[in-house]
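Listed here are the chains, written in short residue letters.
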Amino acid sequence: MPLLKRRKGAEERGTRPRVVLAAAVPVTGSDAREAWTARQGDTSWQRDAWYHYDACGELRSAVTWIANAVSRAELYAAEVDAATGMPTGPTDNVQAQAAVARALGGAAMRAQLQYTMAVNWQIPGEVFVLVRPGTGTRRGETTPDEWVALSGTEVDYSGARWSYKDPMTGVKKDLASDDLLMRVWSPHPRIQYHADSAVRPALPVLREIEKASQNIAARLDSRLAGNGLLLMPEEVDFPEQASGATGAEGFMEYLAGVMARSMQSPGTAAAQVPITATLPGELVEKIKHLDLSTDFDASVVALRVDGIRRLAESLDMPNEVAVGSTGDANHWGSWKVEEDTYKIYIEPLLDRIGDALTTHWYRPTLKKMGVADPDRYRLAWNTSEIVQRPNRTEDLKWLWDNELISDDAMRAEVGVGDDDIPDEEQVQLRRLARAVVAAPSLADDPRVSELLFGFEIARTPAVPQIEGGHAPQVDVPPARDQRALPATQNDQPPALAASTATTLPDGLVAAAELVVFDALSRAGGRLLKAPLRGQFGHVPKHELYLQIPFDTDRSERTRLTEGSFQFAGHVAEAFGLDSERFESRVREYVDNRLQWIEPHERADLLRYLR
């Protein structure tokens, strides 16, 4: 269902579309023409900015870095504190969450729209956001709204009608009366209806960088500038060459031929013999090479480096980003930024976009949906995928182990919400599971195995005792010569230990399942990000990966299970198995479940362990 419903026949009636120019004050109706005319008086610098965005790789690289970070911010519905006006956290209101799910084109298009808006914000200082209500039907439901992010060069206002160029086809389209158009811009401090950006004062520097690059390119292309002039007296007579060239031209052809022959056999002694030519003695000193280079030529590269440094100081981003030096970025990727960097350079951009969408789209949409008190909600951003915060896990764990901080403080510091607090039954089961790992014989108790595994484990029969405390002699059949299959045959992993090639110790599969559930639960917790909280309350955490879409490539699977399998070594040790091999088998099994998004099956795990 679209969030904005188009009135039937709106385009046919030819009424003026509802236009919102939003950075400070909305402008509608008759004021639209005046606002558009005023904006048009200050767009020449924007064309220059776009030119240098296309021509200067240093500028594009820096702008792309910021835009990539912005594209990873996640939009969610937040409740607003009535006293401060600040968001207090995600809301549980189903309608508010449903509206956000359709914002900025939904999850499929949102990242690209945020990227486009961020680039426009940094280059011309403004972006137009268009929302077109869905009109058709798909699978019995009305198609969702269409969201488009546009540069000011793609929008036009003439004849009391708004139009734009479709970014995918370039076809000019008129806006209907129910279409919503927003202008989001960074106001110039002096003339606030004009847009402004950090690129504007950097335009002279960008021109210097361009001219320096052009000078270097011209010198590389110019034979005269690179090699100078060879002055020879006109009395010199050179033998005629095969091509018929004589004089100085013939001599140059002779030199080129000799050099070419030496390059054909560079490893021979002949290649090191000097080129010889005979001339009258009185003319030798009159041959001169005139070097046309100047001291300025040597300084052009330094001037370009200085220009790039000045550009870095002008742009709204860290200097190391603007000059292309992000070598200290952590292993999660160069788009991860320090919290201070986010606060100074990225948060203002996200706040302006969020404020504009909240005021002129989100709250009006909530009102149309019948939500009571729409001002109670706003759009907010989850930046956990952007901001790299200091890792204080070890310090916090030490404080928690020594009872110096509470459970609530520990959860808040690592970003775990109250919805993830285990109930008392889960706590008791985890304590029991740890006890079984430490003492596997506890699993023989039917009550323990029923609680942990849902089935009773057959108890190991006790060895009968006779008087004197000696066990009876039991005939043990000789061990068969078991040969393990190669690891590549039938894709079967190697056995965990020599004694487990065909059989597994009692309770091992159940203990291994605990390790598997822990890994899958960690993956589910990382997939359950702030905007999704409250939507999967009925799904166990270890099954969330079956419900929430995610990228299944190896790097993402590794990230989702990071920190898991810490108990695998204890389980292997308790059952007398090779720790590394046991952990490897369990890791492969969990990775297989995530790669193919398959549910856990005990029979499949058993095959991996064998």
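Quick caveat: nothing in here was measured; it's all calculated off a predicted structure.

Participant: Describe the sheet that holds strand β10 (residues 172-174), with residues and values.
Facilitator: A sheet is described by the order of its strands in space; here three strands give the open sequence β8-β9-β10, paired in antiparallel fashion. Looking at which strands have only one partner, the edges of the open sheet turn out to be β8 (155-158) and β10. The mean inter-strand angle of the sheet, taken between neighbouring strand axes irrespective of direction, is 30°. Taken together, the four bridges between β8 and strand β9 (residues 161-165) define a ladder with antiparallel strand orientation. Residue serine 158 lies in a different strand from β9, and its bridge partner there is arginine 161.

Participant: An account of unusual backbone geometry is needed here, citing residue identities and associated values.
Facilitator: The general pattern is negative phi for most residues beyond glycine and trans for most peptide bonds. Positive phi is not limited to glycine here, since phenylalanine 565 has a value of about 65°. Summarising the element assignment, phenylalanine 565 is placed in the loop between α19 (554-560) and α20 (568-574). Residue isoleucine 597 is not a glycine yet carries a positive backbone phi of 50°. We classify isoleucine 597 as partly exposed; its relative accessible area is 36%.

Participant: Break down the packing of aromatic side chains for me, citing the residues and quoting the values.
Facilitator: All chains considered together, the criterion is met by five aromatic pairs. On the numbers, 5.0 Å between centres and 75° between planes, the contact of tryptophan 147 with tryptophan 361 is edge-to-face. One end of the pair, tryptophan 147, is in strand β7 (residues 146-150); the other, tryptophan 361, is in helix α13 (residues 339-368), and 214 residues separate them in sequence. Of the residues examined, tryptophan 147 reaches a relative accessible area of 3% and is grouped as buried. Through successive ring pairs, a cluster of aromatic residues spans Trp147, Trp361 and Tyr362.

Participant: Give a description of the pattern of salt bridges that names residues and reports values.
Facilitator: Evaluation of the coordinates by the stated rule reveals 18 salt bridges. The closest approach of N and O atoms between arginine 310 and glutamate 208, which form a salt bridge, is 2.8 Å. Within this pair, whereas arginine 310 is found in helix α11 (residues 295-314), its partner glutamate 208 is found in helix α7 (residues 199-221), the two being separated by 102 residues in sequence. We classify arginine 310 as partly exposed; its relative accessible area is 29%. The exposure class assigned to glutamate 208 is partly exposed, which follows from its relative accessible area of 42%. The closest approach of N and O atoms between arginine 557 and aspartate 591, which form a salt bridge, is 2.6 Å. Taken as a pair, arginine 557 in helix α19 and aspartate 591 in helix α21 (residues 579-596) lie far apart in primary sequence, 34 residues in all.

Participant: Summarise the nonpolar core; cite the residues concerned and give the values.
Facilitator: Soluble globular proteins tend to bury their nonpolar side chains together. In this structure, Leu59, Ile123 and Tyr362 are the most contacted members of the largest nonpolar core, which totals 58 residues. Sort the elements by how many residues they give to this core and α13 lands first, with nine residues. Those residues in contact with isoleucine 123 that sit more than four places away from it in its chain are Trp45, Ala49, Trp50, Tyr53, Leu59, Val63, Ser197 and Val199.

So, how was this worked out
- Residues numbered from 1 in each chain as written.
- Predicted model: local features only at pLDDT ≥ 70, side-chain atom pairs only at ≥ 80, totals over all residues.
- Heavy atoms only, no water.
- Pairing = 2+ DSSP bridges.
- Helix = DSSP H or I, 4+ residues; strand = E, 2+ residues; numbered from the N terminus.
- Axes fitted to C-alpha atoms, helices over the stretch in contact; angles between N-to-C directions.
- Buried < 20%, exposed > 50% of the residue type's maximum accessible area, 1.4 Å probe, protein only.
- Phe/Tyr/Trp six-rings, centres within 6.5 Å; stacked < 30°, edge-to-face > 60°.
- Salt bridge = Lys/Arg side-chain N within 4 Å of Asp/Glu carboxyl O.
- Core = buried A, V, L, I, M, F, W, Y, C linked by side-chain atoms within 4.5 Å.
- Contact = heavy atoms within 4.5 Å.

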